[in-house]
Amino acid sequence: MGDGALSVWERSSTARVVPSARPRKLAKVPFVELADGRLQGVVSSGSDIGRVYVSSIEAGTYAFACSTNNNRPCGGARGMFCNHIRALVGEAVLQYGAERVARYLKVEVDAAEPDAHSVTSVMTAARPAQGDSSAAAQVFSRFLRHLSYLELAPTTDPLPEMQWFPTTRAVAA
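Residues numbered from 1 in each chain as written. Predicted model: local features only at pLDDT ≥ 70, side-chain atom pairs only at ≥ 80, totals over all residues. Heavy atoms only, no water.

### What about the state of the cysteines?
Reasoning step 1: This model, assessed by the stated rule, comprises zero disulfides.
Reasoning step 2: Of the cysteine sulfurs around Cys-66, a residue in no disulfide, the closest is that of Cys-82, at 3.7 Å.
Reasoning step 3: For Cys-66, a relative accessible area of 4% translates into the label buried.
Reasoning step 4: A relative accessible area of 4% places Cys-82 in the buried class. (Disulfide = S-S within 2.5 Å. Buried < 20%, exposed > 50% of the residue type's maximum accessible area, 1.4 Å probe, protein only.)

### Observations concerning the nonpolar core
Across soluble globular proteins, nonpolar side chains have a tendency to be buried as a group.
Reasoning step 1: With 28 residues, the main nonpolar core has Leu-39, Ile-57, Leu-105 and Met-123 as its most contacted residues.
Reasoning step 2: Where this core is concerned, the elements lending two or more residues are β1 (31–35), β2 (38–44), β3 (52–58), β4 (64–68), α2 (83–96), α3 (98–105) and α4 (116–125).
Reasoning step 3: Sort the elements by how many residues they give to this core and α2 lands first, with five residues.
Reasoning step 4: Residue contacts for Met-123: discarding those within four places in its chain leaves Ile-57, Tyr-62, Phe-81, Val-89, Leu-105, Val-107 and Pro-128.
Reasoning step 5: Judged by nonpolar contacts, the second largest core, of eight residues, contains Val-42, Ala-136, Val-139 and Phe-143. (Core = buried A, V, L, I, M, F, W, Y, C linked by side-chain atoms within 4.5 Å. Helix = DSSP H or I, 4+ residues; strand = E, 2+ residues; numbered from the N terminus. Contact = heavy atoms within 4.5 Å.)

### Brief notes about α4
Reasoning step 1: Turning to α4, its buried residues number three or more, namely Ala-116, Ser-118, Val-119, Thr-120 and Met-123.
Reasoning step 2: Those residues of α4 hidden inside the fold are in contact with β3, α2 and α3.
Reasoning step 3: Arg-127 lies just past α4 and shows a positive phi near 50°.

### A short note on the pattern of salt bridges
Reasoning step 1: Per the stated rule, a full pass over the model turns up four salt bridges.
Reasoning step 2: Residue Glu-33 is joined to Arg-142 by a salt bridge in which the shortest nitrogen-to-oxygen separation is 2.6 Å. One end of the pair, Glu-33, is in strand β1; the other, Arg-142, is in helix α5 (residues 136–150), with 109 residues separating them in the sequence.
Reasoning step 3: By relative accessible area, which is 12% here, Glu-33 ends up buried.
Reasoning step 4: Relative accessible area serves as the criterion here: at 24%, Arg-142 is assigned to the partly exposed category.
Reasoning step 5: For the salt bridge of Arg-142 with Asp-36, the shortest nitrogen-to-oxygen distance reads 3.2 Å. Taken as a pair, Arg-142 in helix α5 and Asp-36 in the loop between β1 and β2 lie far apart in primary sequence, 106 residues in all.
Reasoning step 6: Given the relative accessible area of 46%, Asp-36 is considered partly exposed. (Salt bridge = Lys/Arg side-chain N within 4 Å of Asp/Glu carboxyl O.)

Below is the structure:
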């Protein structure tokens, strides 16, 4: 698909929608994003259905943070990646592809075809520091905002907060 197949609006848009690298199940990691210089997301607790963890890895330094949705620290993230962070990396690789995740986090992977394990191995070998969880509230808030759209009844009427998206038949001037 070259530029000739894209509309004027699609060529001029700065935000492209990238399809998932592979389908993923949302039960364990319902929200994952590459944003604000971090891989970040929400990971379900394996022991308590009412608890989720907000986990993140900083690009370049691999500083990591993991805490519950009510800002209690993760018991497994003491000096090393916890299972929540490992699950986050695994789901990010499914969502975005290993090459894109590695490039975003600035991970130099030696494998011919990188995967979640090889990306995680390089980061843990660097012995990253535990970062602060100050962004957890913002990440959790974005997750809740995404969930609110699931509660809306199906409609073709415009959503006021989504008005900045042009209609599919809009013509760029």
